[in-house]
Each structure stands twice: as structure tokens, then as C-alpha cells.
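Observations on the model geometry
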Amino acid sequence: MADSVVCVPELPEVESVRRQLHPALVGRVVVAAWVDRDGPRTSPVEHAAGLEVLDVVRRGKYLLLPLGDVEDGAEAELVLHLGMTGRFRIADGPQHPDLGHVRARFELDDGTWLLFDDVRRFGRVNLVEPGDHAGIPTLAALGPEPLSDDFDADAFAAALAATSAPVKARLLDQRLVAGVGNIYADEALWLARIHPRSRRVGRARAHRLHAAVRKVIAAAIEREGTTFRDYEMVNGQSGRNADFLVAYGRADLPCQRCGTPMRRTVVAQRGTTYCPDCQRA
DNA sequence: CACGCCTCCTGTGCGC
DNA sequence: TGCGCACAGGAGGCGT
């Protein structure tokens, strides 16, 4: 079962990508930009040409690249999302042997190319006015970064107390906290000993979950993310977090806390693994 | 508004 | 061996 699991980029994976893209892109001027087609997840990017990459910022699972002029500031913003299978390469030309489904290309003034490859087309490539996220509702309503002071335990507890949805659904919806996806939701809920389908999470358990989210995200960033198959860094290497997972992908394996076989279920239309003994509703 | 279900997309792995 | 199909899921859209 575990070897059929596919990994999707979440906050730690996107942060690892950001750290590799930043030194390669900041200060570069876009010579030409191309995206494979218009659609709900892509929009024309040709106007990026002539603009300098001023920064490579991450918010949740989004990468934001302000483009413009060092003195005049940002004139545009490139919004990128890896979706499920997105990956980047810095290449010497418009092709790369590792990439079979290039969806966007950015030629840079030092002769390198930023290539975006995305088999399943769930990724996003949009060029917008700086800060104009109205067409990207999840980004516009994105909650606080989990490792920032803006992620407040009391506010998190209050928000959970005001909802009737399963706690895992709230972790996934990006509004209470940014960047948590299916893997780290299961990991954090296991660590906090909370059943993923629980609809009533009191203050004490909410505080445990708040700490658990921070812990699993920080640990995964240290290990440059989790790789099963799809996610990889800009240099093609894997993250090292897969060997440290305690919940995700461990159905039928013994709980590392109590030895009870982990159970697989579906919550919020997502595969979910939890310990039926030490994660109680 | 909140919630939950459906859809998109395609490679992979399994069963027959 | 080969075919068909279920499955994976972030985010958007829509129905209730």
C-alpha cells in the first residue's frame, strides 16, 4: 500500500522549492514567457517579458514572484502553484530530459530557463497585478503561516469551536492555517491524538493541535519535505521526510505510540490514516 | 454563510 | 499478456 502512495507538495515541499528557486531567479530579467494554454488554472504570462524577478516568496502552498524594476517596484506578480504533480527545473534551454509535460517556460537574461512541468495540470500559473488575488479565492482567503506569530493558538481554538465540520476538513481548507495538506493533516492529528473526523475540538485539544501543526511542518522543512513519487526539488532530489511519517500511508501498520494497527478511512473526500485507539473523537 | 459533494487530470497498479 | 478500471488529491464550483 505504502509504495502506491503518491505525495503531493504541501508547505514544506513548496518551501524547499522556493529556497532553490530564490538564488536562481532573483535579479534575473525575464526575456520571454510562455504558458501552454489558457484555462481556469493558467492565464497569459507574455507580459512578464522585460521584467526583473524581485523576490521569490511563499504563502501557504503558493509561490509569489513580484516582477518589475528594482527602483520602481513590482509591476506584476507571478502566482505559481504546484498542484499535485508540478515541478520546476532551471535548465540551459527550453527542454529538459527529466520533464515530459512542460506547461510553462520562462527564458531568463543569463541564458537559463525556468521550466514548469505538470503531468496532471492541477498546477497554477497566473500573472496578476501585484497583490491582486481576487481571481484566486484560496490565496485571497489564506490563513496565517503556521510557523509565524500570526498563527495564534487562541484564535485557532476559537475558530475550531465555531465550526461543525470535521477537524481534518478545517485543516485542509487553508483558511485557519496556510499550507497544510493531506499528509501533514494526518501527521498533526496523530501527534495531537485527535480523531480526524472529530467535529468538536475543545480548547485544550485545539492548543495541542496548534503545537502539532507547527512541529510537523517545521520538522518536514528541516528534511526538505516528503517524497514518495511526484514531488521533487528543483535539482531533482527527494526530500527526506518520508521515513519519518507516523500516520500518512501507514494503514494496517502498528501505531508508533500504542501498537494498535492504524486504520484507513475517508474524511473530507481524502484518504485518511489514524490510530483508532489513541485518536478518539 | 457553512458545509459537503463533484469535477478536473493522467500515471500507476491491481484484478481478471 | 493485456485490458479495464479504481485510485491518488488541491482547489474551484455548485447545490443544499
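Residues numbered from 1 in each chain as written. Chains lettered and ligands numbered in written order. Predicted model: local features only at pLDDT ≥ 70, side-chain atom pairs only at ≥ 80, totals over all residues. Heavy atoms only, no water.

What surrounds DNA strand B is a group of 15 residues, the closest being Arg-41, Thr-163, Ser-164, Arg-199 and Gln-269. Between DNA strand B and the protein, one listed contact pairs a phosphate oxygen with a side-chain N or O atom of Arg-121 at 3.3 Å. Here a phosphate oxygen of DNA strand B and a side-chain polar atom of Thr-163 are 2.7 Å apart. Class assignment for the residues of the surface near DNA strand B results in four nonpolar, four polar and seven charged. (Near = heavy atom within 4 Å. Polar contact = N/O pair within 3.5 Å; in protein donor to acceptor, adjacent residues only side chain to side chain. Nonpolar A, V, L, I, M, F, W, Y, C, P; charged D, E, K, R; others polar.)

Moving on, we get to the side chain of Glu-15. Along the chain, the position of Glu-15 falls in helix H1 (residues 11-25). For Glu-15, the residues in contact, after removing those within four places along its chain, are Arg-58 and Ile-221. (Helix = DSSP H or I, 4+ residues; strand = E, 2+ residues; numbered from the N terminus. Contact = heavy atoms within 4.5 Å.)

Before going further, it helps to spend a moment on the packing of helix H3 (residues 153-161) against helix H6 (residues 203-222). Two elements in contact, H3 and H6, have axes whose closest approach is 9 Å; the angle formed by their N-to-C orientations is 125°. As summarised for this structure, H3 and H6 are arranged oblique, according to the angle between their axes. Pair H3 / H6 crosses with right-handed handedness. On the side of H3, the interface is formed by Ala-153, Asp-154, Phe-156, Ala-157 and Leu-160, while H6 contributes Arg-203, Ala-206, His-207, Leu-209 and His-210. Here the residues of the contact of H3 with H6 sort into six nonpolar, two polar and two charged. (Axes fitted to C-alpha atoms, helices over the stretch in contact; angles between N-to-C directions. Parallel < 35°, antiparallel > 145°, perpendicular 65-115°, else oblique. Left-handed = near helix turned anticlockwise from the far one by under 90°.)

Our focus in this paragraph is the protein's contact with DNA strand C. The immediate surroundings of DNA strand C are formed by 18 residues, with His-81, Met-84, Thr-138, Arg-264 and Arg-270 found nearest. Counted by atom, the contact set of DNA strand C within 4 Å of the protein is 60% sugar and phosphate. Gly-271 has a polar backbone atom sitting 3.3 Å from a phosphate oxygen of DNA strand C. Elements represented by at least two residues in the surface near DNA strand C include exactly helix H2 (137-140) and strand S11 (270-274). For the surface near DNA strand C, the per-class residue count stands at seven nonpolar, five polar and six charged.

Right, let's talk about the sheet that holds strand S8 (residues 113-118) for a bit. Strands sit in the order S1-S7-S8-S6 across an open sheet of four strands; the sheet is antiparallel. Two strands in the sheet have a free side with no partner beyond their single neighbour: strand S1 (30-35) and strand S6 (86-91). With strand direction ignored, the average angle separating the axes of adjacent strands in the sheet is 15°. Sheet topology places strand S7 (residues 102-108) next to S8; five bridges connect them, and they run antiparallel. Within S8, the residue paired with Val-102 across the bridge is Asp-117. (Pairing = 2+ DSSP bridges.)

Looking at chain A as a whole, its pLDDT mean stands at 93, while 96% of the residues score no less than 70. The low-confidence segment residues 1-6, where pLDDT is below 50, has 11 contacts with residues more than four positions distant or belonging to other chains. (pLDDT = per-residue confidence, 0-100.)

Of all the seven residues making up S7, six are buried; the element is thus mostly covered by neighbouring parts of the structure. Looking at chain direction, S1 and S7 are connected through five bridges and run antiparallel. In the sheet register, Trp-34 faces S7, and the bridge partner there is Arg-105. Hairpin connection from S7 to S8: four residues lie between these consecutive antiparallel strands, with Gly-111 at a positive phi of about 90°. (Buried < 20%, exposed > 50% of the residue type's maximum accessible area, 1.4 Å probe, protein only.)

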